[in-house]
Amino acid sequence: MSRAHRTDAGLALCALCASLVALRRAGFRISLPSALGGALGTLAFEYVASRHQERIRRWWSRPDVRALTVIGTLALVVGSLRFRSGSLLSALCGALVCYLALLAGVATGRVAHPTEW
């Protein structure tokens, strides 16, 4: 696994942990339909992003873009708690789990890189 993939996995794992802690503390249960929707959203985004690989790579390599993404994700967690939206947190968890699974699959060679889809 490349350094960039390890960094992406670490950021996604931190965001997932924050989301799961928020779900637990708020007393929400995971909504499977929402989590599935989040996972499908991740797959759709990765598919579209793979078609614009160079542009995405340029943007994502910028530390400010990564930082804003993490801040935005944490803001989404806080907003979900503020507005008592377990569905939104569930969708976020589903998206992050799917992303981590995709990274693991690509890293182990069990899943083709999205550019080959």
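Now for a quick tour of the structure. Computed from a predicted structure; not experimentally measured.

### Digging into unusual backbone geometry
Positive phi values are uncommon outside glycine, yet arginine 84 reaches one of about 55°. Assignment of secondary structure puts arginine 84 in the loop between α4 (63-82) and α5 (86-108).

### Some remarks on the packing of aromatic side chains
The description of two aromatic rings rests on the distance between their centres and on the angle between their planes. A full pass over the atoms with the stated rule returns zero aromatic pairs. When the ring centre of tryptophan 59 is taken as reference, the NZ or CZ atom of arginine 62 above it lies at 5.0 Å.

### Observations concerning α5
For the α-helix, the turn length of 3.6 residues means that residues three or four positions removed from each other point alike. Here α5 contains 23 residues, and its C-alpha end-to-end distance of 33 Å stays within 8% of the 33 Å for a straight helix at 1.5 Å per residue. Looking one or two residues past α5, glycine 109 carries a phi angle of roughly 80°, positive in sign.

### Here we look at the packing of α4 against α5
The N-to-C vectors of α4 and α5 enclose an angle of 150°; their axes lie 8 Å apart at closest approach. Considered as vectors, α4 and α5 are oriented roughly antiparallel to each other. Two packed elements cross with a definite hand, and for α4 against α5 that hand is left-handed. Between α4 and α5, the contacting residues are Thr73, Leu76, Val77, Ser80 and Leu81 on the first element and Leu88, Leu89 and Leu92 on the second. In terms of residue class, the contact of α4 with α5 is made up of six nonpolar, two polar and no charged.

### Digging into the environment of alanine 35
Residue placement: alanine 35 occurs in helix α2 (residues 32-50). The exposure class assigned to alanine 35 is buried, which follows from its relative accessible area of 15%. Expressed as a C-alpha distance, the spacing of alanine 35 and glycine 94, which sit 59 residues apart in the sequence, is 4.0 Å. Not counting the four nearest positions on each side in its chain, alanine 35 is found in contact with Ile30, Ser90, Ala91, Gly94 and Ala95.

### Quick notes on a nonpolar patch on the surface
A cluster of nonpolar residues, Leu36, Leu40, Leu43, Tyr47, Val48, Val111 and Trp117, forms a patch on the protein surface that exposes about 610 Å² of accessible area. Mapped onto the elements, leucine 36 comes out in helix α2.

### Points about the nonpolar core
In this structure, Leu89 and Leu96 are the most contacted members of the largest nonpolar core, which totals 16 residues. Secondary structure elements with two or more residues in this core: α1 (3-26) and α5. With residues up to four places along the chain from it excluded, the contact list for leucine 89 reads Ser19, Ala22, Leu23, Phe28, Val77, Ser80 and Leu81.

### With respect to the environment of histidine 5
Structurally, histidine 5 is set in helix α1. With relative accessibility at 26%, the residue histidine 5 sits in the partly exposed group. In sequence terms histidine 5 and valine 106 are 101 residues apart; their C-alpha atoms lie 9.8 Å from each other.

### Considering the side chain of serine 19
Mapped onto the elements, serine 19 comes out in helix α1. Judged by relative accessible area, which is 0%, serine 19 ranks as buried. Apart from residues no more than four positions distant in its own chain, serine 19 is found in contact with Val77, Leu89, Leu92, Cys93 and Leu96.

Quick notes on the rules
Residues numbered from 1 in each chain as written. Predicted model: local features only at pLDDT ≥ 70, side-chain atom pairs only at ≥ 80, totals over all residues. Heavy atoms only, no water. Helix = DSSP H or I, 4+ residues; strand = E, 2+ residues; numbered from the N terminus. Phe/Tyr/Trp six-rings, centres within 6.5 Å; stacked < 30°, edge-to-face > 60°. Lys NZ or Arg CZ within 6 Å of the ring centre and 35° of its normal. Expected span 1.5 Å × (residues − 1). Axes fitted to C-alpha atoms, helices over the stretch in contact; angles between N-to-C directions. Parallel < 35°, antiparallel > 145°, perpendicular 65-115°, else oblique. Left-handed = near helix turned anticlockwise from the far one by under 90°. Contact = heavy atoms within 4.5 Å. Nonpolar A, V, L, I, M, F, W, Y, C, P; charged D, E, K, R; others polar. Buried < 20%, exposed > 50% of the residue type's maximum accessible area, 1.4 Å probe, protein only. Patch = residues over 30% accessible without salt bridge, like charges linked within 9 Å, V, L, I, M, F, W, Y side chains within 5 Å. Areas by Shrake-Rupley, 256 points an atom, 1.4 Å probe, with all protein chains shown as cover. Salt bridge = Lys/Arg side-chain N within 4 Å of Asp/Glu carboxyl O. Core = buried A, V, L, I, M, F, W, Y, C linked by side-chain atoms within 4.5 Å.

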